[in-house]
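Below are the chains, spelled out letter by letter.
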Amino acid sequence: MSDEHHEELSWVRKYVFSTDHKVIGMQYGVTALLFLFFGFCLMMLMRWQLAYPGEPIPLIGSLFSDATAPGGVMLPEFYNQLGAMHGTIMVFLGVVPLAVGAFGNYVMPLQIGAPDMAFPKLNMASYWVYFIGGAVMLASFFVPGGAAQSGWTSYPPLSNLASEGQTWWVVGMIFLIASSLLGSVNFIVTILHLRAPGMSMFRLPIFVWSQLVTSFLLLLAFPALQAAGTLQLMDRVFGSSFFLPSGLVVGGEVLAVSGGGSPLLWQHLFWFLAHPEVYVLILPALGIVAEVIATNTRKPPWGYRSLVYSMIFLGFMSFIVWAHHMYMTGMGTTMSNFFQTTTMIISIPSVVILTAMVISLWGGAIRFTVPMLFALAFLPMFGIGGLTGLPLGLATPDIHLHDTYYVIGHFHYVVAPGTIFALFAGVYHWFPKITGRQMNQTLGKLHFWTSLVFINGVFMPMFWQGMAGVSRRLYDQTFYAHGAAVQDLTIISSVSAWLLGLAQLFFIVNFFRSIFAGPKVEDDNPWQATTLEWATPTPPPHGNFPVTPTVYRGPYEYSQPGVEADFTPQDVADAKMTAGKA
Amino acid sequence: MSAHAEDIQAHVRTYVVVFAVLAALTVVTVAVSYLDLSTPMAIAVALLVACTKGALVALFFMHLLDEKKIIYALLALSVIFFAMCLSIPTEWHSGLIRSDSVWSSTGAGAGAHGESAHDDHGGGH
Amino acid sequence: MEIPHVVEVHPETGLANAKLGLWLFLASEVMLFGALFSSYILLRVAAVEWPAGSTILNVPMATFNTLVLIASSVTVVMSWASLKMNDFAKYKVYMGITIACAFIFLIVKYFEYTAKFDHGLSPASSTFLAIYFTITGLHAIHILGGIVVNGYLLGPGARMWKTDPEQFTGRVEAAGLYWHFVDLVWIFLFPVLYLL
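Residues numbered from 1 in each chain as written. Chains lettered and ligands numbered in written order. Predicted model: local features only at pLDDT ≥ 70, side-chain atom pairs only at ≥ 80, totals over all residues. Heavy atoms only, no water.

1. Section: the overall build of chain A
Then, in step 1: The secondary structure content of chain A amounts to 17 helices and two strands.
Then, in step 2: In terms of overall dimensions, chain A is globule-like: its C-alpha atoms have a radius of gyration of 24 Å, near the 25 Å expected for 582 residues.
Then, in step 3: For chain A, the spread of C-alpha atoms along the principal axes amounts to about 80 × 55 × 45 Å.
Then, in step 4: Across the 582 residues that make up chain A, the buried fraction comes to 62%.
Then, in step 5: Counting only contacts in chain A whose residues sit at least 6 apart along the sequence, the fraction spanning at least 24 positions is 78%. (Helix = DSSP H or I, 4+ residues; strand = E, 2+ residues; numbered from the N terminus. Rg over C-alpha atoms; globule rule 2.2 N^0.38 Å. Buried < 20%, exposed > 50% of the residue type's maximum accessible area, 1.4 Å probe, protein only. Contact = heavy atoms within 4.5 Å.)

This is the structure in structure tokens:
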């Protein structure tokens, strides 16, 4: 940025209420990582109850109040709170803010050669509305009756009758949805309007495309949950009966409400949002993996256009598959046929994307860096997650598998060793650009291999548990004979989960150590990548580019014939001139 | 800006005409509601008038008569998803038809259809 | 640091940032009210009996409100046209009328609501009243939002006319689009809730 415009901002304006997309991206990143860690801790507590039901929690058991875990033994109500809040926090406060809020905010404007987002103040508002939503969610643990206990899906009538924490949950969700609305408007305008000269739509890196499709999903799907949340708030605060049918009996007595509502209405509105939400979780991850694979195979990813079209098609189709979450609600066969068909169709672009990425590896000079290891692991893990979803998309097997641990295993394979591995890849990949320092490769490799082993230890047994018929929300599965029979698998899962938690220490130590003491990167482009974020100074200053870059070529010109260097950055006019730049 | 002043003058005359039509249509739709039409007929007329009014506002006040391509594309997209969202009741209704044949004898409050059908289904097999 | 296309339109889309952003926001709003209309239809189809709106709600008041809102839609577009014709004084008059109309709408709405409460009618009374209060309440919040935005453009925000008239006109246009949308929603709410 030119000096004549330089004005000293106060510390608060620079780091707290900043309008710089990079600072906001880091704010999102740090907050989201903390929420991920917190959500992970909730899960580790749950795993104790599941593995050793009725036994006091070791070490920290005495810290809990009598309302949650008297004598260190977790109450069923507290277990339900942990379950509901683990899901909510991981999805809405952890993964999406990290994938979109953090990486999208930080990297996307750099990759398109923009000085900032189109609406910097809106961007700041988006973060702070998210922050308030997160604070409301956390505060709900301390209200009478504790946090929400009706699952992350908050199905009525249960959620209508639940304690006060549910109201806080709804209010928190309304904030989070408002935040993502502000963010998505900003992202779309930025991508359409702020591209540098020469950066046509089909020269955009795949990560930018993934953010564009994701933003449309956030923009058009989230309002359905906003509407549903408003209705639930009316039910809970003003006594209406949107989700309460006539003659509902609770505790042996007919509930004194006007009735006439429909619990299924919530499910429809919720899943109208929540299925596109699944693609909000996975698309940015695919974008990150594409970037990392292209950089580390030193060749263009196979089928750039098919990747782009597949993402657009995925986004579109994700709006018409929602009722495959609802086969058990007694819908007609015509409708279930329709939704089974659309569900099978939506698997096609997913397979196209995955296949294109696998083919991209063929013949590449692969560098096994830490981000590449995570990206490589993403492919089979996401594959397992996707393939195990097919039986759930068909009504007949779903009757057996619905709401069992099989479902838990399936979607965790998509988001945990899938999306979260991709997010780790992103952290290791862009860390040098953000901080100007490299992360330690040895600690990174330790982090990767331990995580890979233990995360499979956590989720693989769940498929067998699910097929044995164990329901996903049980407080103590040994109560039932079919649950007791597979209790050993639960213990394997739990122990793996705790070891997975320990494995993250490699990451935490590496992360903080590298911020302060990591080896400084000598070049602005340490990975010898082609996209524009590496053409900025390190770390990028306010305004990003000293001179607005001009784009001359596609995003992934690696190992071009006749060019000496094995990469040609997008802003280089004459490819032959780059020789020896690295 | 002033170069388009005459264009704008023409616009202003259109706005006044459109306002008069909108006001007249409002009176019409209220008047029709006092006639004793059958429910489907009443819904059809009211929605027809509302759609006409909505179209006038969108086309003239929001200038959709002459707008950029990308806005049409965006609106087409949201209309498609809007239609999908409106298909939710249809989808529910389809479930209703099937469950009616299973348990029509109970004839409980319609609001509880979804739930009861579900319970009955579980018990019946 | 300058953000591109704040004023001058983008060569590919033919739009400035604010206008594109506003249309995206409206697309999202279409889905929000769409989901609520969808809920209305589902609840109504499921209901054993559904009251005709006119037997419970005050149709003359709502008719008056409809006319008020339509009038404000005309005045807001006139205020934009006045700026296009370089007539700032007229802009202020039209924008002032728009805001006044918004207040009249809310005052009438207030009397409608309190009349219902006085008769012991609330969202808890029936699903019909529940959806009535929810959708009109959400619409009223949108009116309030419009008052804030238009009030800003009439008050402190109007200073921009002197420094950057083109960007100011763009802002008035965007605020106007939002206001038309609020009017548009009411055009559908009125027959659906009051007349059918």
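2. A look at the pattern of salt bridges
Then, in step 1: In total, this model carries eight salt bridges over all chains according to the counting rule given.
Then, in step 2: A salt bridge links D403(A) to R472(A); the shortest N-O distance between them is 3.4 Å. Placement of the pair is D403(A) in the loop between α13 (395–401) and α14 (405–435) and R472(A) in the loop between α15 (441–467) and α16 (481–484), with a sequence separation of 69 residues.
Then, in step 3: The exposure class of D403(A) is partly exposed, given its relative accessible area of 30%.
Then, in step 4: E173(C) is the salt-bridge partner of K19(C), the closest N and O atoms lying 3.1 Å from each other. Remark: E173(C) occurs in helix α7 (residues 165–195) and K19(C) occurs in helix α1 (residues 17–46); sequence separation between them is 154 residues. No difference in accessibility class separates K19(C) from E173(C), as the two residues are buried. (Salt bridge = Lys/Arg side-chain N within 4 Å of Asp/Glu carboxyl O.)

3. A look at the interface of chain B and chain C
Then, in step 1: Opposite the 48 residues of chain B that make contact, chain C presents 51 residues.
Then, in step 2: Here chain B packs against chain C, burying approximately 4300 Å² in sum over the two surfaces, 85% of which is carbon and sulfur.
Then, in step 3: Linking chain B with chain C are one salt bridge, by the criterion used here.
Then, in step 4: E67(B) is the partner of K19(C) in a salt bridge, and the nearest nitrogen-oxygen pair spans 3.0 Å.
Then, in step 5: Counting the contacts that link chain B with chain C gives three residue pairs in polar contact (both at pLDDT 80 or more).
Then, in step 6: Of all elements in the fold, only α1 (5–34), α2 (39–61) and α3 (69–103) of chain B reach the threshold of two or more residues within the side of chain B that touches chain C. (Buried area = accessible area lost by both parts, 1.4 Å probe. Polar contact = N/O pair within 3.5 Å; in protein donor to acceptor, adjacent residues only side chain to side chain.)

4. Some thoughts on the side chain of S154(A)
All names here are of chain A.
Then, in step 1: Within the element layout of this structure, S154 appears in the loop between α4 (120–139) and α5 (158–161).
Then, in step 2: At 3.0 Å, the side chain of S154 and the side chain of Q166 are in polar contact.
Then, in step 3: Leaving out residues up to four positions away in the same chain, S154 has contacts with S159, Q166, W169, Q232 and W266.

5. Digging into unusual backbone geometry
Residues and elements named next belong to chain A.
Then, in step 1: For the peptide bond that leads from P156 to P157, omega is 0°, which places it in the cis range.
Then, in step 2: Considering the arrangement of structural elements, one finds P157 in the loop between α4 and α5.
Then, in step 3: The step from T538 to P539 runs through a cis peptide bond, and the omega angle for that step is -15°.
Then, in step 4: Within the secondary structure, P539 sits in the segment after α17 (487–517).
Then, in step 5: Phi at D403 is positive, roughly 60°, even though this residue is not glycine.

6. Considering the packing of aromatic side chains
Residue and element names in this part refer to chain A.
Then, in step 1: Within the structure shown, the criterion is met by 67 aromatic pairs over all chains.
Then, in step 2: Judged by centre distance (5.1 Å) and plane angle (90°), the ring pair of F270 and W271 falls under edge-to-face. Grouping residues by exposure puts F270 and W271 together as buried.
Then, in step 3: Ring geometry for F424 and F507: centres 4.8 Å apart, planes at 65°, overall edge-to-face. Of this pair, F424 sits in helix α14 while F507 sits in helix α17; the two residues are 83 residues apart in sequence, bridging distant segments of the chain. You'll find F424 and F507 in the same group, each marked buried.
Then, in step 4: Residue placement shows R305 over the ring face of F202; its charged tip is 3.9 Å from the ring centre. (Phe/Tyr/Trp six-rings, centres within 6.5 Å; stacked < 30°, edge-to-face > 60°. Lys NZ or Arg CZ within 6 Å of the ring centre and 35° of its normal.)

7. Some remarks on the domain arrangement of chain B
All names here are of chain B.
Then, in step 1: Each domain of chain B was delimited in the assignment, giving domain 1 (1–67) and domain 2 (68–125).
Then, in step 2: The interface of domain 1 with domain 2 comprises four residues on the first partner and five residues on the second.
Then, in step 3: Taken together, the two surfaces of domain 1 and domain 2 that pack against each other cover about 350 Å², and 55% of this comes from carbon and sulfur.
Then, in step 4: At the boundary of domain 1 with domain 2, the tally comes to zero salt bridges.
Then, in step 5: Counting the contacts that link domain 1 with domain 2 gives two residue pairs in polar contact (both at pLDDT 80 or more).
Then, in step 6: The residue inventory of the side of domain 1 that touches domain 2, partitioned by class, reads two nonpolar, no polar and two charged. (Domains from an automatic or database assignment. Nonpolar A, V, L, I, M, F, W, Y, C, P; charged D, E, K, R; others polar.)

8. Remarks on the confidence of the model for chain A
Then, in step 1: Per-residue confidence for chain A gives a mean pLDDT of 93, with 98% of residues at or over 70.
Then, in step 2: Within the model, the stretch residues 578–582 of chain A combines pLDDT values under 50 with eleven contacts to residues more than four positions away or in other chains. (pLDDT = per-residue confidence, 0-100.)

9. A few points about the side chain of N525(A)
Then, in step 1: When you line up the elements, N525(A) lands in the segment after α17.
Then, in step 2: Excluding its chain neighbours within four sequence positions, the residues that come into contact with N525(A) are W534(A) and F567(A).

10. A look at the environment of T63(C)
Then, in step 1: Within the secondary structure, T63(C) sits in helix α3 (residues 59–84).
Then, in step 2: T63(C) sits in the buried class, given a relative accessible area of 12%.
Then, in step 3: Note: C-alpha distance between T63(C) and H180(C) (117 residues apart in sequence) is 18 Å.
Then, in step 4: Those residues in contact with T63(C) that lie beyond four places of it in its chain are T26(B), V30(B) and F190(C).

11. Brief notes about the environment of H400(A)
All names here are of chain A.
Then, in step 1: Inspection of the secondary structure puts H400 in helix α13.
Then, in step 2: H400 sits 66 residues away from G466 along the chain, and the two C-alpha atoms are 9.0 Å apart.
Then, in step 3: In this structure H400 touches G466 and M467, once residues within four positions along its chain are discounted.

12. Quick notes on the environment of V213(A)
All names here are of chain A.
Then, in step 1: With respect to the helices, strands and loops of the structure, V213 is situated in helix α7 (residues 206–238).
Then, in step 2: The spacing of V213 and S184 is 29 residues in sequence and 9.8 Å in space, taken between C-alpha atoms.
Then, in step 3: In this view, V213 contacts L283, M311, I312 and G315; residues no more than four positions away in its chain are not counted.

13. As for empty space enclosed by the protein
If a probe the size of a water molecule is rolled over the atoms, the empty space left behind becomes visible.
Residue and element names in this part refer to chain A.
Then, in step 1: Tallied over the full model, the rule gives five cavities of 30 Å³ or more.
Then, in step 2: The volume enclosed by the largest cavity comes to roughly 220 Å³.
Then, in step 3: In terms of lining, the largest cavity is formed by 19 residues, of which the most central are Y28, V96, L176, S179 and S180.
Then, in step 4: Only α3 (76–111), α4, α6 (165–193) and α7 provide two or more residues apiece to the lining of the largest cavity.
Then, in step 5: Here the element with the most residues in the lining of the largest cavity is α6; it accounts for seven residues.
Then, in step 6: Among the residues forming the lining of the largest cavity, the class breakdown is eleven nonpolar, seven polar and one charged. (1 Å grid on protein atoms, 1.4 Å probe; cavity = no way out; pocket = protein on both sides within 12 Å on 5 of 7 lines; lining within 4 Å. Points joined across faces, edges and corners; volume = space filled by probe spheres on them.)

14. Some details on the confidence of the model for chain B
Then, in step 1: Summing up the model confidence of chain B, the mean pLDDT is 75 and the portion of residues at 70 or higher is 69%.
Then, in step 2: Put simply, helix α4 (residues 113–124) of chain B is where chain B has its lowest mean pLDDT, 36, and α2(B) is where it has its highest, 93.

15. Some remarks on α15(A)
Residues and elements named next belong to chain A.
Then, in step 1: Across its 27 residues, α15 extends 40 Å between first and last C-alpha, which sits within 8% of the 39 Å expected from 1.5 Å per residue.
Then, in step 2: The largest bend in α15 amounts to roughly 25° and is located at G457, with the proline P461 lying one to four residues further along.
Then, in step 3: N-capping of α15 is provided by N440, with a side-chain oxygen placed 2.8 Å from the backbone N of T442.
Then, in step 4: Trailing α15 by a residue or two, G469 shows a phi angle of about 95°, which is positive. (Expected span 1.5 Å × (residues − 1). Bend = angle between axes of the 7 residues up to and from the residue.)

16. Looking at the packing of α15(A) against α17(A)
Residues and elements named next belong to chain A.
Then, in step 1: Where α15 contacts α17, the axes come no closer than 8 Å and their chain directions differ by 155°. Accordingly, the angle class assigned to the pair α15 and α17 is roughly antiparallel. The element α15 and its partner α17 pack so that their crossing is left-handed.
Then, in step 2: Along the lines of polarity and charge, the residues of the contact of α15 with α17 split into 16 nonpolar, eleven polar and one charged. (Axes fitted to C-alpha atoms, helices over the stretch in contact; angles between N-to-C directions. Parallel < 35°, antiparallel > 145°, perpendicular 65-115°, else oblique. Left-handed = near helix turned anticlockwise from the far one by under 90°.)

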